[in-house]
Amino acid sequence: MKKVVILILLLIVVGAVLGRGQIEDFYQRFFGTLPKIEKAVEDKIQEVKKEVNAPPPLQAKDESPQAFLTTEGVIKSAQKKVQDMFAKQYFEHISPQGLDVSDLAEDAGYKFIEIGENLALGNFLNDEALVQAWMDSPGHRENILNSNYREIGVAVLKGTYQGKTTWMAVQHFGRPLSDCPQIDTTLKQQIENNKVLLDRMITELDAKKKELEQTNRKDSEYNQKVNEYNKLAEEYNKLAQETKQLLEDYNNQINNFNKCVLYSLAEHPA
């Protein structure tokens, strides 16, 4: 049994705010690895998204001419799934286009930590008969009783499949992303904005340094240029310190989120 898990990996903060003479070194160590870390996170998410809780689809053993089923729940992707199976004439967890429950849930705007899917085909007498059939199947029963799930979406539809009038049923189970401590994404934007500003300040500091090196110390403007350089260096260090704190706050939020996700997996291991 597999699981869909979104993990936001911890960004590693290195370096500290240094003196004026080490500004460039600090900048390179502080920001030089950020794009690489971000890309690695995206790769990891793409890798684990393909894992789902999806036992083999269930077909009814007994067909009832009075079959009638109902739809309910908050996970709207279940309705999209049952409509798609009739439209494309398949009865599988993965569509002919290669889409699974995780793709459908995200397309429907459902943000999740963990998600699962049960499928059923046939003219079950009613909802009770359908649920009992799922409960009699070990894999489907495990999804239904999984205590990690907090929300559900159930969709049923009557239509024509392989030339026969029948019902299809879909259960989608999920643990919503909101179930774990949320990450303030504005912090990341602040960090990126600060990075741009610090980059400009480094360029300006370099220019002022070259200008100082070319100015005679006895020149009347030399002290003024030194003061301008020192003032800018002080502003740079202050902004760098603020940015470091933003990164620490952001990392703490990510760490708390990861702990929540890992605790969820420990509660119900695969």
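Residues numbered from 1 in each chain as written. Predicted model: local features only at pLDDT ≥ 70, side-chain atom pairs only at ≥ 80, totals over all residues. Heavy atoms only, no water.

Some remarks on the overall build of the protein
Now for step 1: A count of helices and strands for the protein gives eight helices and five strands.
Now for step 2: Ordered by position from N to C terminus, the α and β elements of the protein give α-α-β-β-α-α-β-α-α-β-β-α-α.
Now for step 3: Split into buried and exposed, the 270 residues of the protein put 43% on the buried side.
Now for step 4: Of the accessible surface of the protein, which amounts to about 15100 Å², a share of 51% is contributed by carbon and sulfur atoms. (Helix = DSSP H or I, 4+ residues; strand = E, 2+ residues; numbered from the N terminus. Buried < 20%, exposed > 50% of the residue type's maximum accessible area, 1.4 Å probe, protein only. Areas by Shrake-Rupley, 256 points an atom, 1.4 Å probe, with all protein chains shown as cover.)

Side note on unusual backbone geometry
Now for step 1: The residue Gln-89 is not glycine, and still its phi comes out positive at about 55°.
Now for step 2: One non-glycine residue with positive phi stands out, namely Gln-162, at about 55°.
Now for step 3: Using a relative accessible area of 64% as the deciding quantity, one classes Gln-162 as exposed.

Some details on the packing of aromatic side chains
Now for step 1: This model, assessed by the stated rule, comprises one aromatic pair.
Now for step 2: Considering the side-chain rings of Tyr-149 and Phe-173, the 5.5 Å spacing of their centres and the 25° angle between planes classify their relative orientation as stacked. Highlighted residues: Tyr-149 in the loop between helix 6 (138–145) and strand 4 (151–161) and Phe-173 in strand 5 (residues 164–176), separated in sequence by 24 residues.
Now for step 3: Tyr-149 sits in the buried class, given a relative accessible area of 10%.
Now for step 4: The exposure class assigned to Phe-173 is buried, which follows from its relative accessible area of 4%. (Phe/Tyr/Trp six-rings, centres within 6.5 Å; stacked < 30°, edge-to-face > 60°.)

Regarding the side chain of Thr-215
Now for step 1: Residue placement: Thr-215 occurs in the loop between helix 7 (185–213) and helix 8 (222–267).
Now for step 2: For Thr-215, the residues in contact, after removing those within four places along its chain, are Tyr-222 and Lys-225. (Contact = heavy atoms within 4.5 Å.)

Remarks on the environment of Gln-79
Now for step 1: Within the element layout of this structure, Gln-79 appears in helix 3 (residues 77–88).
Now for step 2: The exposure class of Gln-79 is partly exposed, given its relative accessible area of 25%.

A closer look at the pattern of salt bridges
Now for step 1: Following the criterion strictly, the structure yields seven salt bridges and no others.
Now for step 2: When the shortest N-O distance is used, the salt bridge between Lys-225 and Glu-211 registers 3.1 Å. Highlighted residues: Lys-225 in helix 8 and Glu-211 in helix 7, separated in sequence by 14 residues.
Now for step 3: According to the relative accessible area criterion, Lys-225 is buried, its value standing at 17%.
Now for step 4: A relative accessible area of 38% places Glu-211 in the partly exposed class.
Now for step 5: We note a salt bridge from Lys-225 to Glu-221, for which the minimum N-O separation is 4.0 Å. (Salt bridge = Lys/Arg side-chain N within 4 Å of Asp/Glu carboxyl O.)

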